[in-house]
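Below are the chains, spelled out letter by letter.
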Amino acid sequence: MPDFKLNCPLPLQYQHVVMAHGGGGRLMQQLLGTVIRPAFANPILDAQHDSAVLAINGTKLAFTTDSYVIKPLFFAGGDIGKLAVCGTLNDLAMSGAKPLYLSCALIIEEGLAIADLQRIMASMQQAAQQAGVLLVTGDTKVVERGCGDGLYINTAGIGLIAEAVNISPAHIQVGDHIIINSDLARHGMAIMLAREGIAFDSHLQSDCADLSGLVQTLLADGLDIHCMRDLTRGGLASGLIELACASHSTFDIDEPALPIHADVQSACEILGLDPWYIANEGCFVLFVPATQTEQALSLLHQHPLGQQACVIGEVKQTHPQGLVTLQTAMGISRVLDLLSGEQLPRIC
Amino acid sequence: MAQPNPYRDPATVRKLCQAIAAITTQPWRIMEVCGGQTHSIIKHGLDQLLPPEITLIHGPGCPVCVTSLSFIDKALAIAAQPEVIFCSFGDMLRVPGSQLDLLALKAQGADIRVVYSPLDALTLAQQNPNKQVVFFGVGFETTAPSTALAAYQAKQLQLKNFSLLIAHVRVPPVMRALLDAPNQQVQGFLGAGHVCAIMGYHEYLPISAHYGIPIVVTGFEPVDILQGLYLCIKQLETGKHCVENQYSRAVKEQGNAPAQALMQQVFQVVDRNWRGLGRIADSGLALNSDYAQWDAEQRFAVSTITTQEPLTCRSGEVLQGLLKPAQCLEFATRCTPEHPLGATMVSSEGACAAYYRYRR
């Protein structure tokens, strides 16, 4: 085993991993920063982008991986298979890459219906085909009943980044406009309503979608995108805060500008949840120079996944630690903070 | 797209703030009782819109925050039993007991589940006849009726593998206790709208009369809270004191009679320890003798667990409105949502957590 030094600036409060360590909030940042990243520290990993960007023989490759763990396996708007393809495609897309190839590793729990597995495989193939990528390698393991939630999927992907494209948190600049492509929190709420058996009359569907086509359209039109981030676990709030920290700047967000579906808003209010922190699977923010905002919005509006695109804020100034402030509808300014872990529904 | 919410309309908010400023001639200290109101005030920044004479004091109305350490330790002791499925509302899971919290116990293998209703726990008991299913009944009169319904149904079904750990508390006794405290500063109350939707507000009439204090039953949206404040300040400025109902779209004077009847059938009023506030007479609800066999404290023999509150946490002063969260030396230094010293930093409705999240 290679000898490595664990760099632990923060003491871990927990002796065991708790669910909140995977919630996309501050505890997760702590776990990554103290246990996981230090073990492998290198400049490519430390860039903390959605994909690693690899320069190989003059070609820029994007490389990423993600594991998919979701209950239920089938939900309104998709299933674990579609999610496993789209999620990884989106991570590639966020570095400006055109996705090329995917891998697929399955961890199947004993007892899963073959018919369900077939349905999921078909859904993966359909999503890959629509994106024009091939699923070229994989692995299959079966674990005992009780050791998994039916099916876990890991996918990895590689894609090609055009020479001129240079998208990363480090390129965010003061004055950039922050644009969102779609409305918030639909994936997380659709899953929660399906999973928890909450009797809530709603037709909410997950926003699960492949964004790589849309991103390629934006790049092909010559848009100078400084940075992008898809807003998965931890939602918009976590995405913005991570980017503000990574780019050492202050983002100022106009709260009333945020598109939120009426059903999402109602469900959040009943459960005491904040849509800012809820997962999306077809939603991303992009940072463009203010001079290109109009061009970006016009391109987005022409695409089915960008019809609700709008400017939600701008990069105000540099800030050593990074900060996100909100201008509320009431005309008050407040900070936006990472949650500790997962959001927990409140008591009353 | 989200419909414009008239209770969050910025123009109405501005008008109400102007109206409040116009009638305010001297300093007033007003307590919002409910943690939901505190959260809304801090999230929307309403306190920053008020004239400087108005001080809002954040009250004890966060059920997570006031549940005593003893109850958390009882919950942990029960949940650690191998045969138990322990069910709780989500935000109780992070509250620190004297050694660990329910989330950490879950990570060590205990079967602890988040439910949205006590009836979900009842269903779990029916589905798992070989397990002991325990529901942690926490909250004010708002959540007590649904707990009562679960107990009632368990009795009807004669369910042997279901029991309840009841930590429910009542609002009127704590309002009296705050007003009886020697250093009390509250001059007016915004009453907790959701509690009153169940209990009505007839219980407040004698409090308002005895202490000579205005009580305005108030909702949770920005416009609700500002209307409540306006009514309260108007009473104070004109030297009146009575009970008014701002939240009439949800609250009637007599409240929800069937819910109250069910609570009377299942619960008895008892003295209870509040975190940070100490023992308050008649402030708790417990299962009455007809329901003793569904009482988890008896079934699991944990009623003897008593835990002293730690001295470092000043949440008691915060809950009494004597200290603003940011005035505490531990705030955002030793005490954070990841490492809360007290419950006011845990729940999203706790005053310290609200300040931490929106005000640093």
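Residues numbered from 1 in each chain as written. Chains lettered and ligands numbered in written order. Predicted model: local features only at pLDDT ≥ 70, side-chain atom pairs only at ≥ 80, totals over all residues.

Looking at the sheet that holds strand S1 (residues 52–56) of chain A
Residues and elements named next belong to chain A.
Here comes step 1: If you trace the five strands from one edge of the open sheet to the other, you get S1-S2-S7-S5-S6, paired in mixed fashion. Here the strands that pair on one side only, and so sit at the sheet edges, are S1 and strand S6 (134–143). For this sheet, the mean angle separating the axes of adjacent strands, direction not counted, is 20°.
Here comes step 2: Here strand S5 (residues 97–109) runs beside S6; their pairing, made up of nine bridges, is parallel. For Glu109, the partnering residue across the bridge sits in S6 and is Val143. (Pairing = 2+ DSSP bridges. Helix = DSSP H or I, 4+ residues; strand = E, 2+ residues; numbered from the N terminus. Axes fitted to C-alpha atoms, helices over the stretch in contact; angles between N-to-C directions.)

Examining the confidence of the model for chain A
Where the model shows low pLDDT, its predicted coordinates should not be examined in detail.
Here comes step 1: Overall, the predicted model of chain A reaches an average pLDDT of 90, with 92% of residues at or above 70.
Here comes step 2: Note on residues 1–12 of chain A: pLDDT under 50 across the span, and eight contacts to partners over four residues away in sequence or across chains. (pLDDT = per-residue confidence, 0-100. Contact = placed C-beta atoms within 7 Å.)

Side note on unusual backbone geometry
Here comes step 1: In the segment running from Lys71(A) into Pro72(A), the intervening peptide bond is cis, with an omega of -5°.
Here comes step 2: Mapped onto the fold, Pro72(A) is located in the loop between strand S2 (59–68) and strand S3 (74–75).
Here comes step 3: For Ala301(B), which is not glycine, the phi dihedral falls at a positive 50°.
Here comes step 4: By C-beta crowding, Ala301(B) is classed as exposed, having 11 other C-beta atoms within 10 Å.
Here comes step 5: Positive phi outside glycine occurs at Ala332(B), with the angle close to 65°.
Here comes step 6: For Ala332(B), the position within the fold is in the loop between helix H15 (315–319) and helix H16 (351–358). (Buried ≥ 20, exposed ≤ 12 C-beta atoms within 10 Å, placed from the backbone.)

As for helix H2 (residues 35–44) of chain B
Quick reminder: α-helices carry 3.6 residues per turn. Residues three or four places apart thus point the same way.
All names here are of chain B.
Here comes step 1: Counting buried positions along H2 gives nine out of ten residues, so the element sits mostly inside the fold.
Here comes step 2: For H2, the set of buried residues is Gly35, Gly36, Gln37, Thr38, His39, Ser40, Ile41, Ile42 and His44.
Here comes step 3: After H2 finishes, the residue Gly45 shows a positive phi value of roughly 70°.

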